[in-house]
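# Secondary and tertiary structure notes
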Amino acid sequence: MRRRRAEVREVSPDPVYQDVLVAKLINRIMWDGKKSVAQQVVYDALEYVREKSGKDPLEVFQKAVDNVRPVLEVRPRRVGGATYQVPVEVQEPRKTSLALRWIVTAARSKKGKPMYIKLGEEILASYQGTGASVKKREDVHKMAEANRAFAHLRW
């Protein structure tokens, strides 16, 4: 019996930038349904990005997400008692959601600053190709590269 994929839920653009990607970031930041708090954190972080870089924060944020998007990942696959890590290409919606997850996780893992500053710094670091979220993507790519021998087990 095959499982059906759930229909993709449409995310409405955020009120300030009218951008779906910013709305997804707000939803990813949100805890306990407190959307207004999450919005304030994200908008303050984007304002922080504008101050530090002097560029349009929306462009910086989109380039940062592009820098973090993975191309390959490994998925476990059982073949006769052994579990192999099989490299597979990442689907487009998953690329974006992984990138946002890694940026938010990297920002949350920093200590001693307000969340909007941590998020702003992580966005700037990702924009420049450094930072914990970009390192995470590189680690995932290295893992896929190391397990290239099992690519024939792809399903």
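Scroll up to find the structure.
Residues numbered from 1 in each chain as written. Predicted model: local features only at pLDDT ≥ 70, side-chain atom pairs only at ≥ 80, totals over all residues. Heavy atoms only, no water.

### Regarding the packing of helix H4 (residues 92-109) against helix H6 (residues 132-146)
Where H4 contacts H6, the two axes come as close as 8 Å, and the packing angle between them is 130°. In terms of orientation, H4 lies oblique with respect to H6. Judged by the sense of rotation from one axis to the other, the crossing of H4 with H6 is right-handed. Contact residues: H4 offers Trp-102, Ile-103 and Ala-106, while H6 offers Ala-132, Ser-133, Lys-136, Arg-137 and Val-140. Residues of the contact of H4 with H6, tallied by class, amount to five nonpolar, one polar and two charged. (Axes fitted to C-alpha atoms, helices over the stretch in contact; angles between N-to-C directions. Helix = DSSP H or I, 4+ residues; strand = E, 2+ residues; numbered from the N terminus. Parallel < 35°, antiparallel > 145°, perpendicular 65-115°, else oblique. Left-handed = near helix turned anticlockwise from the far one by under 90°. Contact = heavy atoms within 4.5 Å. Nonpolar A, V, L, I, M, F, W, Y, C, P; charged D, E, K, R; others polar.)

### Details of the packing of aromatic side chains
With the rule as written, the count across this model stands at one aromatic pair. Relative to Tyr-43, the ring of Tyr-17 lies with its centre 6.0 Å away and its plane at 45°, an arrangement referred to as tilted. Within this pair, whereas Tyr-17 is found in the segment before helix H1 (20-29), its partner Tyr-43 is found in helix H2 (residues 35-53), the two being separated by 26 residues in sequence. Tyr-17 gets classed as buried once you look at its relative accessible area, which sits at 18%. A relative accessible area of 15% means that Tyr-43 is categorised as buried. (Phe/Tyr/Trp six-rings, centres within 6.5 Å; stacked < 30°, edge-to-face > 60°. Buried < 20%, exposed > 50% of the residue type's maximum accessible area, 1.4 Å probe, protein only.)

### Considerations on the pattern of salt bridges
Using the criterion set out here, one finds nine salt bridges in the structure. Across the pair Glu-121 and Lys-113 runs a salt bridge, and its minimum N-O distance is 3.0 Å. Judged by relative accessible area, Glu-121 falls into the partly exposed class, the value being 22%. A relative accessible area of 41% means that Lys-113 is categorised as partly exposed. (Salt bridge = Lys/Arg side-chain N within 4 Å of Asp/Glu carboxyl O.)

### Details of the nonpolar core
Val-22, Leu-25, Ile-29, Val-42, Phe-61, Leu-119 and Ile-123 are the most contacted members of the largest nonpolar core, which totals 34 residues. At the level of secondary structure, the elements contributing two or more residues to this core comprise H1, H2, helix H3 (57-68), H4, helix H5 (115-127) and H6. The leading source of residues in this core is H2, at eight residues. (Core = buried A, V, L, I, M, F, W, Y, C linked by side-chain atoms within 4.5 Å.)

### Quick look at the environment of Val-8
Structurally, the position occupied by Val-8 is in the segment before H1. On the basis of relative accessibility, which here comes to 73%, the residue Val-8 falls in the exposed class. Considered as a pair, Val-8 and Asn-27 are 19 residues apart in the sequence and their alpha carbons are 15 Å apart.

### So, the side chain of Arg-137
Counting through the fold element by element, Arg-137 comes out in helix H6. Once residues within four sequence positions are removed from consideration, Arg-137 is found in contact with Asp-66, Asn-67, Val-68, Arg-69, Pro-70 and Trp-102.

### Overview of H3
Between its first and last C-alpha, H3 extends 16 Å over twelve residues, near the 16 Å set by a 1.5 Å rise per residue. Within the sequence span of H3, burial applies to Pro-57, Leu-58, Val-60, Phe-61, Ala-64, Val-65, Asn-67 and Val-68. Of the surrounding elements, those touching the buried residues of H3 are H1, H2, H4, H5 and H6. (Expected span 1.5 Å × (residues − 1).)

### Points about the pairing of strand E1 (residues 72-79)
Sheet analysis places E1 next to strand E2 (residues 82-89), joined by eight bridges and oriented antiparallel. By the bridge assignment for E2, Arg-78 is matched with Thr-83. What sits between the antiparallel neighbours E1 and E2 is a turn of two residues, in which Gly-80 has the positive phi angle 50°. (Pairing = 2+ DSSP bridges.)

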